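Single-letter residue listing:
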Amino acid sequence: MQFSFETSPARVVFGRGTVRTALPEEVERLGIQRLLVVSARALEPLAREVTGPFADAVVAWFTKVEQHVPADVAEQAVVVARRARADGVLSIGGGSTTGTAKIVARETGIPILAVPTTYAGSEMTPVWGLTRSGHKETGTDPAVQPRTVVLDPNLTDQLPRRLAVSSALNALAHVVEAHWAPRANPVSSALADEATTALATGLRAIGREGLQRAASPEASLRDPVATWAGTPAAAGEQLLYGAFLAGGTYAVTGAGLHHKICHVLGGAFNLPHAATHAVVLPNVLALNLPAVPVVGERIAHALGAEEAVSGMRRLYAEVGAPRTLAQIGLRPDQLEEAIDRVSAELPIANPRPVGTAEVRAVLTAAFGEVA
């Protein structure tokens, strides 16, 4: 699979090896001459390799990325950009890396070129977020949407199995909620269906074959067809394709109850972002299906299941997905605080009216549901 997709203001280049073959051209296309590179420290060797062809244009590095984009960390990145007089920022990493670059863009106005290494989808949206004093702040600003996104399955194929599963289910959460989010429409729902099928297809391949890491991300760059051992290359492409559609759909429709819950839990308790989405999703879906039965039929069909919730739980079992908040770090003594914190955000957009009782039901089920 190889294609270019362009819309306003984002341009997407998708295909194996594109981080090597297309990235230099995309930097030139944006006219960037003084580039800040943002990457987590663990991915710095990869980032230095892929920026080699245009190393002369790199004027600064920021590798102190942290989960949930703490405000003080994002502010440090802004300072680095200003001191270096950067005229563009290249993010290479997952959602927190993209999120850090977005705050730089929001504060300086410089364009972002994004190279995601997970299925987070943040690179496809104008939504920014950061955490300040345990509270997740979010907003929308066209300035933070990356101008160009390079999607290379050779990079995302290197995710450890557990993170690949959680990250893909994070993407699935975007498109499930897209059916009833505030700006949902027939076109976004059609995209959500396509994304759901692609993600489910890729996830089932992981479940059947298992995911084995190659020696390193750099190794996959040297071998443009390297992929998961024993897993067809198409599976990794389906996951990244689904994540691409999911991020773009989320950008169109906005967020509702599911995303609000996950943002509150992540900011307040520092739970892993993707795994939190994975755990919460089937519980919000179960709450809402009585109010949107036609949506339930669409989701079930896209999953290849007879019923949406049971089909989703079966998929979770196939891939060994995290099932409870307790598994990912929420303590029993924090459950009531979590309920209170989410309830404090009411009213929250949702197809079924939500009060504290509904919040309690979702979080209690998510905390202890194991069936």
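Quantities reported herein were computed from a predicted structural model and do not represent experimental measurements. (Residues numbered from 1 in each chain as written. Predicted model: local features only at pLDDT ≥ 70, side-chain atom pairs only at ≥ 80, totals over all residues. Heavy atoms only, no water.)

Novice: So, the overall build of the protein: which residues are in play, and what are the values?
Specialist: Helices and strands together make up the secondary structure of the protein, namely 16 helices and nine strands. Looking at the protein as a whole, 60% of its 371 residues are labelled buried. Sequence separation of 24 or more characterises 75% of the internal contacts of the protein that already satisfy a separation of 6 or more. (Helix = DSSP H or I, 4+ residues; strand = E, 2+ residues; numbered from the N terminus. Buried < 20%, exposed > 50% of the residue type's maximum accessible area, 1.4 Å probe, protein only. Contact = heavy atoms within 4.5 Å.)

Novice: How would you summarise the packing of aromatic side chains if you had to cite specific residues and measurements?
Specialist: Taken as a whole, this structure holds zero aromatic pairs when the rule is applied. Looking at Arg 48, its charged tip hangs above the ring of Trp 61, at a distance of 4.0 Å from the centre. The ring of Trp 128 is capped by Arg 106, whose NZ or CZ atom sits 4.3 Å from the centre of that ring. (Phe/Tyr/Trp six-rings, centres within 6.5 Å; stacked < 30°, edge-to-face > 60°. Lys NZ or Arg CZ within 6 Å of the ring centre and 35° of its normal.)

Novice: Run through the packing of helix 11 (residues 257-269) against helix 12 (residues 273-288), naming residues and quoting values.
Specialist: When two helices pack together, you describe them by how their axes are tilted relative to each other and by the distance separating the axes. Where helix 11 meets helix 12, the axes come as close as 9 Å, and the angle between the chain directions of the two elements is 145 degrees. Judged by the sense of rotation from one axis to the other, the crossing of helix 11 with helix 12 is right-handed. Counting all contacts with helix 11, which are made through Leu 257, His 258, His 259, Ile 261, Cys 262 and Leu 265, the residues of helix 12 involved are Thr 276, His 277, Val 280, Leu 281, Val 284 and Leu 287. For the contact of helix 11 with helix 12, the residue count by class is eight nonpolar, four polar and no charged. (Axes fitted to C-alpha atoms, helices over the stretch in contact; angles between N-to-C directions. Left-handed = near helix turned anticlockwise from the far one by under 90°. Nonpolar A, V, L, I, M, F, W, Y, C, P; charged D, E, K, R; others polar.)

Novice: Let's hear about the environment of Gly 267: which residues, and what values?
Specialist: Relative to the assigned elements, Gly 267 resides in helix 11. Separated by 136 residues in sequence, Gly 267 and Thr 131 place their C-alpha atoms 5.8 Å apart. Residues within four places of Gly 267 in sequence aside, it is in contact with Thr 131, Gly 134, His 135 and Lys 136.

Novice: Help me get a handle on the pattern of salt bridges, residues and values and all.
Specialist: A pair can form between side chains of opposite charge whenever their charged atoms are brought close. All told, the structure shown has 16 salt bridges when counted by the stated rule. Among the salt bridges present, the one from Arg 106 reaches Glu 107, with a minimum N-O distance of 2.9 Å. (Salt bridge = Lys/Arg side-chain N within 4 Å of Asp/Glu carboxyl O.)

Novice: Give a detailed account of unusual backbone geometry, specifying residues and quantitative values.
Specialist: Backbone phi values are negative for most residues with the exception of glycine, while trans is the configuration of most peptide bonds. At the junction of Leu 346 and Pro 347, the peptide bond is cis and its omega measures out at 0 degrees in the coordinates. The backbone of Val 69 sits at a positive phi, close to 50 degrees, despite the residue not being glycine. For Val 69, a relative accessible area of 6% corresponds to the buried category. One non-glycine residue, Arg 85, adopts positive backbone phi at about 55 degrees. Along the chain, Arg 85 falls in the loop between helix 4 (71-84) and strand 5 (88-93). For Arg 85, a relative accessible area of 57% translates into the label exposed.

Novice: Lay out the pairing of strand 9 (residues 148-151) with the relevant residues and their values.
Specialist: Each regular strand carries side chains that alternate between the two faces of the sheet. The two faces of strand 9 match: Thr 148 and Val 150 on one face and Val 149 and Leu 151 on the other face are all buried. Two elements, strand 6 (residues 112-116) and strand 9, share two bridges in a ladder whose sense is parallel. Across the sheet, residue Ala 114 finds its bridge partner in strand 9, namely Val 149. (Pairing = 2+ DSSP bridges.)

Novice: Summarise the nonpolar core; cite the residues concerned and give the values.
Specialist: Leu 36, Leu 203, Ile 261, Leu 265, Leu 285, Leu 325 and Leu 363 are the most contacted members of the largest nonpolar core, which has 100 residues in total. The element that contributes the greatest number of residues to this core is helix 7 (residues 161-178), accounting for 10 residues. There are two domains that each give this core at least three residues, and those are domain 1 (11-156) and domain 2 (159-367). Contact partners of Leu 363, with chain neighbours within four places excluded, come to Ile 261, Leu 265, Leu 325, Leu 335, Ala 338, Ile 339 and Val 342. (Core = buried A, V, L, I, M, F, W, Y, C linked by side-chain atoms within 4.5 Å. Domains from an automatic or database assignment.)

Novice: Would you mind going over the pairing of strand 6 in detail, with residue names and values included?
Specialist: Burial analysis of strand 6 places five of its five residues in the buried class, which makes it a mostly covered element. With burial as the criterion, each face of strand 6 is covered, one bearing Ile 112, Ala 114 and Pro 116 and the other bearing Leu 113 and Val 115. As paired elements, strand 5 and strand 6 share five bridges and run parallel to each other. Looking across to strand 6, one finds that Leu 90 is bridged to Leu 113. Taken together, strand 5, helix 5 (residues 95-108) and strand 6 form a β-α-β motif whose crossover is right-handed. (Right-handed = clockwise from strand over helix to strand, strands pointing away.)

Novice: Tell me what's going on with the side chain of Lys 136, and back it up with residues and numbers.
Specialist: Position of Lys 136 relative to the elements: it lies in strand 8 (residues 135-140). No salt bridge is formed by the buried Lys 136; its nearest oppositely charged neighbour, Glu 137, is found at 11 Å. With sequence-adjacent residues up to four places away left out, Lys 136 is seen in contact with His 68, Gly 129, Leu 130, Thr 131, His 263 and Gly 267. (Lys, Arg positive; Asp, Glu negative; His and termini not counted.)

Novice: How would you sum up helix 15 (residues 335-343)? Please name residues and give values.
Specialist: Buried within helix 15 are the following residues: Leu 335, Ala 338, Ile 339, Val 342 and Ser 343. Taken down its axis, helix 15 places every buried residue within 130 degrees of arc, on the same side. Packed against the buried residues of helix 15 are helix 11 and helix 16 (356-368). (Arc of directions from axis to C-beta.)

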